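Observations on chain architecture
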Amino acid sequence: MKDYLKHINKDFESRARLGIMSVLLVADYADFSFLKETLQLSDGNLASHLRSLEDAGYVQVEKQFIGRKPNTRYQVTAQGTAAFRNHMDALERLIVNNKSQ
């Protein structure tokens, strides 16, 4: 069992980060408001988790203006995609290989 656990990425242990990465993997990008509404997180909580994912190199940020309103959108990086898929694969192996025990 320890072999499975070493492949689980601590950066994705929280519900918020799992949600963020899941949304970003199925969308080309998502803006802050969409993530906030979809995941039902406060501004501060979402910003904190996004910053951590950005610092890890898993998410990239693009700030722009739409009309006169600022808009921040997020996109998963290639590194983030690989890391998240490895994490999900490790969880799946853990569940499947320990299901009968």
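Quick note: structure is the one above.
About the criteria used
- Residues numbered from 1 in each chain as written.
- Predicted model: local features only at pLDDT ≥ 70, side-chain atom pairs only at ≥ 80, totals over all residues.
- Heavy atoms only, no water.
- Helix = DSSP H or I, 4+ residues; strand = E, 2+ residues; numbered from the N terminus.
- Buried < 20%, exposed > 50% of the residue type's maximum accessible area, 1.4 Å probe, protein only.
- Pairing = 2+ DSSP bridges.
- Contact = heavy atoms within 4.5 Å.
- Axes fitted to C-alpha atoms, helices over the stretch in contact; angles between N-to-C directions.
- Salt bridge = Lys/Arg side-chain N within 4 Å of Asp/Glu carboxyl O.
- Parallel < 35°, antiparallel > 145°, perpendicular 65-115°, else oblique.
- Left-handed = near helix turned anticlockwise from the far one by under 90°.
- Nonpolar A, V, L, I, M, F, W, Y, C, P; charged D, E, K, R; others polar.
- Phe/Tyr/Trp six-rings, centres within 6.5 Å; stacked < 30°, edge-to-face > 60°.

Moving on to the overall build of the protein chain. A count of helices and strands for the protein chain gives five helices and three strands. Going from N to C terminus, the protein chain has its helices and strands arranged as α-α-β-α-α-β-β-α. Counting only C-alpha atoms, the protein chain reaches 60 × 25 × 20 Å along its principal axes. Counting only residues that meet the buried cut, the protein chain has 34% of its 101 residues in that class.

Take the sheet that holds strand β2 (residues 59-66) next. Taking strand neighbours across the sheet as the criterion, the three strands line up as β1-β3-β2 in an open arrangement whose pairing is antiparallel. Strands at the two margins of the open sheet, each flanked by one partner only, are β1 (30-31) and β2. With two bridges connecting them, β1 and strand β3 (residues 69-76) associate as antiparallel partners. Residue pairing across strands places Asp31 opposite Arg73, the latter belonging to β3. Of the strands in this sheet, β1, β2 and β3 touch helix α2 (residues 15-26), which is tilted by about 90 degrees from β3.

In this structure the tally under the stated criterion is three salt bridges. The residue Asp43 makes a salt bridge to Lys36 at a minimum N-O spacing of 2.7 Å.

Further remarks concern the packing of α2 against helix α3 (residues 32-39). At a minimum axis separation of 11 Å, α2 and α3 run at an interaxial angle of 125 degrees. As judged from the angle between their axes, α2 and α3 are oblique. Seen from above, α2 lies across α3 with right-handed handedness. Where α2 abuts α3, its residues Arg15, Ala16, Gly19, Ile20 and Val23 lie against Phe34, Leu35, Thr38 and Leu39. Among the residues forming the contact of α2 with α3, the class breakdown is six nonpolar, two polar and one charged.

Inspection of every chain in the model, using the stated rule, returns two aromatic pairs. On the numbers, 5.1 Å between centres and 35 degrees between planes, the contact of Phe12 with Tyr58 is tilted. Taken together, the residues Phe12 in the loop between α1 (2-5) and α2 and Tyr58 in the loop between α4 (43-55) and β2 connect sequence positions 46 residues apart. In terms of burial, Phe12 and Tyr58 fall into one category: buried. Between Phe12 and Phe84 the ring centres are 5.1 Å apart and the planes differ by 90 degrees, which places this aromatic pair in the edge-to-face class. In this pair, Phe12 sits in the loop between α1 and α2 while Phe84 sits in helix α5 (residues 78-97), placing the two residues 72 residues apart along the sequence.

Bringing the pairing of β3 into the picture now. Note: β2 against β3, eight bridges, orientation antiparallel. Within β3, the residue paired with Lys63 across the bridge is Thr72. Two successive antiparallel strands, β2 and β3, enclose a turn made up of two residues, where Gly67 displays a positive phi of approximately 65 degrees.

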